[in-house]
Amino acid sequence: MPQKIAAGNWKMNGTQASLSEIQAIAEAAQESPCSTILCPPAHLLHRAAKLAGPLAIGGQNCHHAPSGAFTGDISAAQLADCGASYVILGHSERREGYGESDSLVRAKAQAALQSGLTPIICLGESQEQRAAGQALEVVLAQLSGSLPDDAQVIIAYEPIWAIGTGLVPTVAEITEVHDALRAQLHAIFGAAGQEISILYGGSVKPSNAQEIFAITHVNGALVGGASLKAEDFLPIMRSLAES
Ligand SMILES: O=C[C@H](O)COP(=O)(O)O
């Protein structure tokens, strides 16, 4: 059975004053039967990792090279050095904002694995692609192009149009994509593909988490805005535990 995972992506939000939220989430993670991962901005990683206990810490991106003249970047080994054990890769805000391709995401995933990090690989279609009936085709192509050689990954399906908008796909739309992802992971990795957690992301809130977690092959969530405050994230963690 894939692990149930509640993951939070703080994006470019948070200062040292936010460490109290991480502390509260870490305390709740101690009681949770599920895995909890928090991906704060890079400047908080080291202090967050010290607070974390059973809460795992992740980066939000890494370079594909182990080191070198890449001003402003961070390597997978440096994330691990801060205490991270996961890294989000291929988020649509990087695919779209910085032109990251599937092959670059794949190279980053390989680099992450070499440094002992588990990549959380994000996939998702735009509103135009969904309207054109291309959602499945787009997401499955991203999966094939972005996966590393090893099955030690987490997948996050995040329709771009659902991120930060309050719009959420229907249960049938999420089901269709997660079923297809599960089948493709099985086809690629065999039995190991059945163990890969597939998260849903995009406007997950305490109010809709229960319905989303009831969907077959939804093994948790990658949460943006509602992970910034423990008072929002804890009910999502509880819904996952009860699912
Ligand atoms: O990585 C997280 C996603 O982009 C979802 O963000 P959101 O929960 O604010 O819609």
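In the block above lies the structure referred to throughout.
Analysis parameters
Residues numbered from 1 in each chain as written. Predicted model: local features only at pLDDT ≥ 70, side-chain atom pairs only at ≥ 80, totals over all residues. Heavy atoms only, no water. Helix = DSSP H or I, 4+ residues; strand = E, 2+ residues; numbered from the N terminus. Polar contact = N/O pair within 3.5 Å; in protein donor to acceptor, adjacent residues only side chain to side chain. Contact = heavy atoms within 4.5 Å. 1 Å grid on protein atoms, 1.4 Å probe; cavity = no way out; pocket = protein on both sides within 12 Å on 5 of 7 lines; lining within 4 Å. Points joined across faces, edges and corners; volume = space filled by probe spheres on them. Nonpolar A, V, L, I, M, F, W, Y, C, P; charged D, E, K, R; others polar. Near = heavy atom within 4 Å. Areas by Shrake-Rupley, 256 points an atom, 1.4 Å probe, with all protein chains shown as cover. Phe/Tyr/Trp six-rings, centres within 6.5 Å; stacked < 30°, edge-to-face > 60°. Lys NZ or Arg CZ within 6 Å of the ring centre and 35° of its normal. Pairing = 2+ DSSP bridges. Axes fitted to C-alpha atoms, helices over the stretch in contact; angles between N-to-C directions. Parallel < 35°, antiparallel > 145°, perpendicular 65-115°, else oblique. Left-handed = near helix turned anticlockwise from the far one by under 90°. Buried < 20%, exposed > 50% of the residue type's maximum accessible area, 1.4 Å probe, protein only. Core = buried A, V, L, I, M, F, W, Y, C linked by side-chain atoms within 4.5 Å.

Quick look at the side chain of Asn208 now. Inspection of the secondary structure assignment puts Asn208 in the loop between strand E7 (198-201) and helix H10 (209-213). A polar atom in the side chain of Asn208 sits 2.9 Å from the backbone oxygen of Ser203. Apart from the residues within four sequence positions on either side, Asn208 is in contact with Val168 and Ser203.

A volume near 540 Å³ is recorded for the largest pocket. Along the walls of the largest pocket sit 19 residues, with Lys11, Met12, Gln60, Asn61 and Arg94 positioned nearest its centre. Of the residues in the lining of the largest pocket, the class split is nine nonpolar, six polar and four charged. Empty space within the second largest pocket amounts to approximately 260 Å³. Of the residues that constitute the lining of the second largest pocket, the class distribution is six nonpolar, six polar and two charged.

Here we take up the site of the ligand. Around the ligand, the surrounding shell holds 13 residues, and the nearest of these are Lys11, His91, Gly164, Ser203 and Gly224. One of the side-chain nitrogen or oxygen atoms of Asn9 is found 3.0 Å away from an oxygen atom of the ligand. In the complex, the protein chains occlude 96% of the 300 Å² of accessible area that the ligand would expose alone. Each residue belonging to the shell around the ligand can be placed in one class, and the counts come to four nonpolar, seven polar and two charged.

Another aspect to go through is the packing of aromatic side chains. On inspection of all chains with the given rule, the structure shows one aromatic pair. When the ring centre of Tyr98 is taken as origin, the NZ or CZ atom of Arg94, which lies over that ring, is 4.3 Å away.

Strand order in the closed barrel made by the eight strands is E1-E2-E3-E4-E5-E6-E7-E8, with parallel pairing throughout. For this sheet, the mean angle separating the axes of adjacent strands, direction not counted, is 25°. As paired strands, strand E5 (residues 118-123) and strand E6 (residues 154-157) are joined by four bridges and run parallel to one another. Within the sheet, the bridge partner assigned to Leu123 lies in E6 and is Tyr157.

In a packed pair of helices, the relevant descriptors are the angle between the two axes and the axis-to-axis distance. Where helix H1 (residues 19-31) contacts helix H11 (residues 230-242), the two axes come as close as 10 Å, and the packing angle between them is 20°. Relative to H11, the element H1 lies roughly parallel. H1 and H11 meet at a crossing whose hand is right-handed. Two secondary-structure elements touch here, H1 through Glu21, Ala24, Ile25, Ala28 and Ala29 and H11 through Ala230, Phe233, Leu234 and Met237. Across the contact of H1 with H11, the residue classes tally to eight nonpolar, no polar and one charged.

For Ala241, the location among the structural elements is in helix H11. Under the relative-accessibility criterion, Ala241 is labelled partly exposed at 32%. Ala241 sits 236 residues away from Ile5 along the chain, and the two C-alpha atoms are 9.3 Å apart.

In this structure, Leu55, Ile155 and Leu181 are the most contacted members of the largest nonpolar core, which totals 58 residues. Sort the elements by how many residues they give to this core and H1 lands first, with six residues. Setting aside residues no more than four positions away along its own chain, Ile155 makes contact with Ile121, Leu123, Leu143, Leu147, Leu181, Leu185, Ile196, Ser197, Ile198 and Leu199. Ile5, Cys39, Ile120 and Leu222 belong to the second largest nonpolar core, which has 13 residues in total.

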